[in-house]
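# Notes for the structure review
As a plain string of letters, each chain reads:
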Amino acid sequence: MQNSTQLLLAFWGLTTPTWVAMWSVLGISTIALIVLLRTRWSTNRTWRMCAVLSLWVHVLIVVFSMTVRIVTGPPLAGDGEPIRVAVLPAEPFIEASDESEPEEIQPVWEDMAAPPLVAPAAEPLPNESADENEQPTPDMLMMEKITESLTAAEPLPPAPLEAPALMPAPIAKAPKLAETKVAESEVIESEPQEDQSEVDASDESLGSRSPSRVASGALRENDGPSGNNAESEHTTSPRVTPRTREVSTSREAIPNLYADRFAEDLTELATERGGSSQTEGAVKAALAWLAANQSENGGWDASKFGAGKELAVLGHNRQGAGANADTGVTGLAILAFLGAGHSHLHGTYRNEVAAALEFLRQRQRSDGSLFGEAELFARMYCHSMAMLATCEAYAMTRDERLDPMCRAAVGYSLSMQHPTDGGWRYRRGDTGDTSQLGWQLMALKSAKLAGIQIPDITWARAERFLRRVKRGNHGGLAAYRPDGPPTRTMTAEAWYCHQLLQSDRGGAHNPAAIRETILSLEQELPTPANRNLYYWYYATLALQQNQHDSPEDTASWESWNHALTTALIATQESDGCWNADTVWGGYGGKVYTTALSALCLEVYYRYNPALRPSEIADREGWQSLQR
């Protein structure tokens, strides 16, 4: 009975004294109004009584609607336990499940008959609210590590290539090679001819030598046409002297872009184009330092030479990126050797280059990536630098043993390009930045020169990204990210990216934009006091390629080249290296700074731009550089 009364009172809203008093007043007022209408106001006109009654009925309806739950019933609490709901932040944890999720399908790189590489389909751009220098949060980094522990691909087995390894393990007996002459019109053979005779060498003499000093017959070939590539003492063991075949590389077999690296006299060629005997001496000293500091495993240990030191460049903490960037700095070292005509088949340092390529091959993962053990911020840089070195070596030598490795690396890069934004960054799905774009485009261009077909959509997407980072009155400046301000380093890198794409797409960068770019670069010429090798590298490449377009462009290149060579020669250490006291040197260490400095000084012959005769050598005083 008590519950029935409670329900009835609740239905009418009589759950508090206030509402009981209000309904009491309304009830008394209603009775009084009815009495008045039947007595004192009975003689009034009918419409007046109706108006008063209507007004009062509306008052009752309003109060009724405020107190009574007509649809959902009486406002009573249930008899059960209350339900508590809380909103908690997402935990950076992924539980392992017994049911394995389907992995992303990757191409079978070892299948040489696989269809052409295909770029991923376009997807809508995500909403971007971060600034241009946004860095992953600690939660994102923790998620990255946990995800890697569950889904990271294992490195490739020791010998996935269909051809023999580039640097096989030492053996007790080294084969003796037959002397074979290769005609100048023939392409370099990648495999040597073996003879039945053997070289008398003990197990101890071979087993004690490092991998960078031991090579199979396939790698112990004489120099190519470059007369400056003489055999050095460190490439020949005093106890093991196998007979080698002579290789004469046809100029037609080498892409024209790399042909000048095999000039008979690089010093003479460099002098004609703006270099000097001093710049060539600096390059040779740098290569000697790199060779002397190569690790036993064939690579270069980044942390051993100061990499991974956090300098908070531009105010951002990158978690000591570069400490484990061994594949990246190894790629840069290989590029420095290749830039001077030393491949794994030719030149003084062919054994060092072969060992370094084998180091990269053994650290390539099954998804094609070459970043090795690098952390998040250095990962894609390491992959693209290592891929650039591998593809350039393949294009220079046409050694088919490098084909599976290069195709796998290219496939990984294609999968990491954002399908709509057109750029690359740290992870798959990240919208891009200009800094990553430059290394990726150089690597993909080298892969194309090696005969690997790159989908046209890849170049089109890269062009789309470059349009999004354009800045300046004429579009000659460039930003790091599409929503950021222009910077001088990104302006130089974006300009060189335009040059790379023009050679493939036949486009024409706006002359007014080029002039705007050059004027920006001229405001910050290289100096020993403010070394930014990353900026110098891209600006040097772009200005050198553009020097013959007009007299103004020639003057701009000469001014930059004089400042560059002065700064680099003045800052080289006595042992041939450059110290890591540069803008980004803390992340890459001495191998990074030495390799990039050498690449800057190899610009005169590293890439052949079909140059017209230069007037730089005729200028008075340009060779007066003193260390």
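What you are looking at is a predicted structure, and each value in this text was computed from that prediction instead of being measured.

The helix and strand inventory of the protein stands at 19 helices and four strands. Across the 627 residues of the protein, 51% fall into the buried class. A sequence separation of at least 24 residues applies to 77% of the contacts in the protein between residues at least 6 apart. Accessible surface computed for the protein: about 30000 Å², of which carbon and sulfur atoms make up 54%.

Now for helix α10 (residues 376–397). Compared with the 32 Å implied by 1.5 Å per residue over 22 residues, the 33 Å span of α10 between its first and last C-alpha is a close match. Looking one or two places after α10, you find Arg398, whose phi comes out positive at around 60°.

Take helix α8 (residues 326–339) next. Along its 14 residues, α8 runs 20 Å from first to last C-alpha, staying within 8% of the 20 Å computed at 1.5 Å per residue. Of all 14 residues in α8, 13 are buried; the element is thus mostly enclosed. The positive-phi residue at the C-terminal boundary of α8 is Gly341, with phi of around 90°.

Bringing the packing of aromatic side chains into the picture now. Tallied over the entire structure, the rule returns 13 aromatic pairs. Summarising the aromatic geometry, the rings of Phe337 and Tyr349 are spaced 5.1 Å apart at their centres and angled 45° between planes, so their arrangement reads as tilted. Of this pair, Phe337 sits in helix α8 while Tyr349 sits in the loop between α8 and α9 (350–362); the two residues are twelve residues apart in sequence, bridging distant segments of the chain. Tyr349 carries the same exposure label as Phe337, and that label is buried. Here Tyr496 and Tyr538 contribute two aromatic rings whose centre-to-centre distance is 6.4 Å and whose plane-to-plane angle is 55°, an arrangement assigned as tilted.

This next bit is on the side chain of Ser276. Note on placement: Ser276 falls in the loop between α6 (266–272) and α7 (277–292). Within polar-contact distance, the side chain of Ser276 engages the backbone nitrogen of Gln278 at 3.2 Å.

Moving on: the nonpolar core. Within the largest apolar cluster, 119 residues are counted, with the highest numbers of intra-cluster contacts made by Leu290, Val410, Trp439, Met442, Trp536 and Tyr537. Aside from chain neighbours lying at most four places away, what touches Trp439 is Leu332, Tyr381, Ser384, Met385, Leu388, Glu493, Tyr534, Tyr537, Tyr538 and Leu596.

On to empty space enclosed by the protein. Left-over empty space is what a probe sized like a water molecule reveals as it rolls over the atoms. Within the structure shown, the criterion is met by two cavities of 30 Å³ or more. There is about 60 Å³ of room inside the second largest cavity. Gly475, Leu477, Ala478, Ala494 and His498 are, among the 13 residues lining the second largest cavity, the residues nearest its centre. When residues of the lining of the second largest cavity are traced back to their parent elements, those giving at least two are β4 (477–478) and α14 (488–505). Sorting elements by how many residues they give to the lining of the second largest cavity places α14 first, with four residues.

Bringing the packing of α8 against α10 into the picture now. It is at 7 Å that the axes of α8 and α10 come closest, and there the two elements cross at 30°. Our classification of the angle between α8 and α10 gives roughly parallel. Crossing hand, α8 versus α10: left-handed. On α10, the residues touching Thr327, Gly328, Gly331, Leu332, Ile334, Leu335 and Leu338 of α8 are Cys382, Met385, Ala386, Leu388, Ala389, Glu392, Ala393 and Met396. In terms of residue class, the contact of α8 with α10 is built from eleven nonpolar, three polar and one charged.

The next subject is a negative patch on the surface. A grouping of Glu264, Asp265, Glu268 and Glu272 is seen on the molecular surface, where their side chains present a negatively charged patch. Here Glu264 lies in the loop between α5 (203–207) and α6. Here Glu264 falls in the exposed class, since its relative accessible area comes to 67%.

The next subject is the packing of α10 against helix α11 (residues 403–416). Between α10 and α11, the shortest axis-to-axis distance is 10 Å and the interhelical angle comes to 140°. By the criterion of interaxial angle, the relationship of α10 to α11 is oblique. In the packing of α10 onto α11, the handedness of the crossing is left-handed. For the pair α10 and α11, contact is made by Met380, His383, Met387, Thr390, Cys391 and Tyr394 and by Asp403, Met405, Cys406, Ala409, Val410, Tyr412, Ser413 and Met416, respectively. Here the residues of the contact of α10 with α11 sort into ten nonpolar, three polar and one charged.

Among the secondary structure elements, Arg407 is positioned in helix α11. What makes Arg407 partly exposed here is its relative accessible area of 28%. The sequence separation of Arg407 and Met387 amounts to 20 residues, and the corresponding C-alpha distance is 9.6 Å.

This brings us to the confidence of the model for the protein. Across the protein, pLDDT averages 73, with 60% of residues at or above 70. Predicted confidence is poor over residues 125–134, with pLDDT under 50, and the contacts of this stretch with residues over four places away or in other chains come to 22 contacts. Low confidence marks residues 149–165, where pLDDT is under 50. Its contacts with residues over four positions away, or in another chain, come to 33 contacts.

Basis of the calculations
Residues numbered from 1 in each chain as written. Predicted model: local features only at pLDDT ≥ 70, side-chain atom pairs only at ≥ 80, totals over all residues. Heavy atoms only, no water. Helix = DSSP H or I, 4+ residues; strand = E, 2+ residues; numbered from the N terminus. Buried < 20%, exposed > 50% of the residue type's maximum accessible area, 1.4 Å probe, protein only. Contact = heavy atoms within 4.5 Å. Areas by Shrake-Rupley, 256 points an atom, 1.4 Å probe, with all protein chains shown as cover. Expected span 1.5 Å × (residues − 1). Phe/Tyr/Trp six-rings, centres within 6.5 Å; stacked < 30°, edge-to-face > 60°. Polar contact = N/O pair within 3.5 Å; in protein donor to acceptor, adjacent residues only side chain to side chain. Core = buried A, V, L, I, M, F, W, Y, C linked by side-chain atoms within 4.5 Å. 1 Å grid on protein atoms, 1.4 Å probe; cavity = no way out; pocket = protein on both sides within 12 Å on 5 of 7 lines; lining within 4 Å. Points joined across faces, edges and corners; volume = space filled by probe spheres on them. Axes fitted to C-alpha atoms, helices over the stretch in contact; angles between N-to-C directions. Parallel < 35°, antiparallel > 145°, perpendicular 65-115°, else oblique. Left-handed = near helix turned anticlockwise from the far one by under 90°. Nonpolar A, V, L, I, M, F, W, Y, C, P; charged D, E, K, R; others polar. Patch = residues over 30% accessible without salt bridge, like charges linked within 9 Å, V, L, I, M, F, W, Y side chains within 5 Å. Salt bridge = Lys/Arg side-chain N within 4 Å of Asp/Glu carboxyl O. Lys, Arg positive; Asp, Glu negative; His and termini not counted. Charge placed at Lys NZ, Arg CZ, Asp CG, Glu CD. pLDDT = per-residue confidence, 0-100.

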